[in-house]
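Fold and contact review
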Amino acid sequence: PPFASNKDYLRKVELRGLKELGQIEEENESIIQQTMYEDIWKRDEYFQFMYERLILLKELLADTGSLFLHVDQHKGHYLKVMLDELFGEDNFVNEIVWYYPDNFQGNVKGLANNHNTIYWYGKSKNYVANQVLIPLEKITKRDRRIWSKEKQALIPARNEDGKIIYDEYSHKKADDVWTIGQSSVTKTKSSEYRGYITQKPQQLLERIIKAASNEKGLILDCFVGSGTTCIAAQNLGRR
């Protein structure tokens, strides 16, 4: 949804017949500015706006469904409290940190902000939750672990010769910190680039959809933005 970032999001539109934006006179510059959406709110209006939509989304969700709310540092902590009230604290599943290391910032007084937060809530305890595997950069060897009734703990598995058994892995299970760069939607030469300033990487939406839905499941993005959710859902066999 809107982040209440206190700014409007614009994009430049090249007029037909003009090869370069520099050919347009300064007094006509507004002609090539298109407002994508306004994100300036009064505090109470913003929370009322979000409250009404979250109530409706909860009603629309199937009992096996989930809500993912993507926010940043502006209002995320307040909306987490709102979600606890509407969905119930017991239906909180995960706080996902989306970290994008390829976002380089200039001088800031403090630490550069290079992550967003995604809150996952189930409609009920019967929500769909699938294991998502992430490819590793190289094959990793790890010792196999087994449960010891005697020690009441996990211990390394050993073969008949007493040597520790190692398994090789090419993937790992996704945890709640996702490192997904933004270059796929910020570089003009990228196949995903659409010139939409708050566009999200397709990989991010695909991971969410894989984690919380099955094939032929119904997906709704009520703040559709650049349409990435629709593309990801269709590619994964969802409706």
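Residues numbered from 1 in each chain as written. Predicted model: local features only at pLDDT ≥ 70, side-chain atom pairs only at ≥ 80, totals over all residues. Heavy atoms only, no water.

**What about the overall build of the protein chain?**
- What the protein chain contains, in helices and strands, is five helices and ten strands.
- Counting the 239 residues in the protein chain, one finds 33% classified as buried.
- For the protein chain, the accessible surface area stands at approximately 16500 Å², while carbon and sulfur atoms represent 48% of it. (Helix = DSSP H or I, 4+ residues; strand = E, 2+ residues; numbered from the N terminus. Buried < 20%, exposed > 50% of the residue type's maximum accessible area, 1.4 Å probe, protein only. Areas by Shrake-Rupley, 256 points an atom, 1.4 Å probe, with all protein chains shown as cover.)

**What to know about the environment of S183**
- Relative to the elements of secondary structure, S183 occurs in helix 3 (residues 183-186).
- When its relative accessible area of 29% is taken as the criterion, S183 is described as partly exposed.
- Apart from the residues within four sequence positions on either side, S183 is in contact with D102 and S190. (Contact = heavy atoms within 4.5 Å.)

**Quick look at helix 5 (residues 228-235)**
- All of the buried residues in helix 5 are T228, T229, A232 and A233. End-on view of helix 5: buried residues confined to an arc of 130°, all on one side of the axis. Residues Q234 and N235 are exposed on helix 5 and point more than 90 degrees away from its buried face.
- Contact partners of the buried residues in helix 5: helix 4 (202-212).
- Directly beyond the C-terminal end of helix 5, a positive phi value near 75° is found at G237. (Arc of directions from axis to C-beta.)

**Notes on the packing of aromatic side chains**
- Inspection of the entire model under this criterion finds eight aromatic pairs.
- Aromatic side chains W98 and Y100 sit 4.9 Å apart centroid to centroid with 65° between the ring planes, which places their arrangement in the edge-to-face category.
- For W98, a relative accessible area of 1% puts it in the buried group.
- Here a set of aromatic residues connected by ring pairs shows up, and it is made of Y46, F47 and Y78.
- When the ring centre of W178 is taken as origin, the NZ or CZ atom of R207, which lies over that ring, is 5.2 Å away. (Phe/Tyr/Trp six-rings, centres within 6.5 Å; stacked < 30°, edge-to-face > 60°. Lys NZ or Arg CZ within 6 Å of the ring centre and 35° of its normal.)

**Brief notes about the pairing of strand 4 (residues 92-99)**
- Relative to strand 5 (residues 115-122), strand 4 runs antiparallel, the two being bridged by seven bridges. Residue pairing across strands places V97 opposite T117, the latter belonging to strand 5.
- Two elements, strand 4 and strand 10 (residues 177-179), share three bridges in a ladder whose sense is parallel. By the bridge assignment for strand 10, W98 is matched with W178. (Pairing = 2+ DSSP bridges.)

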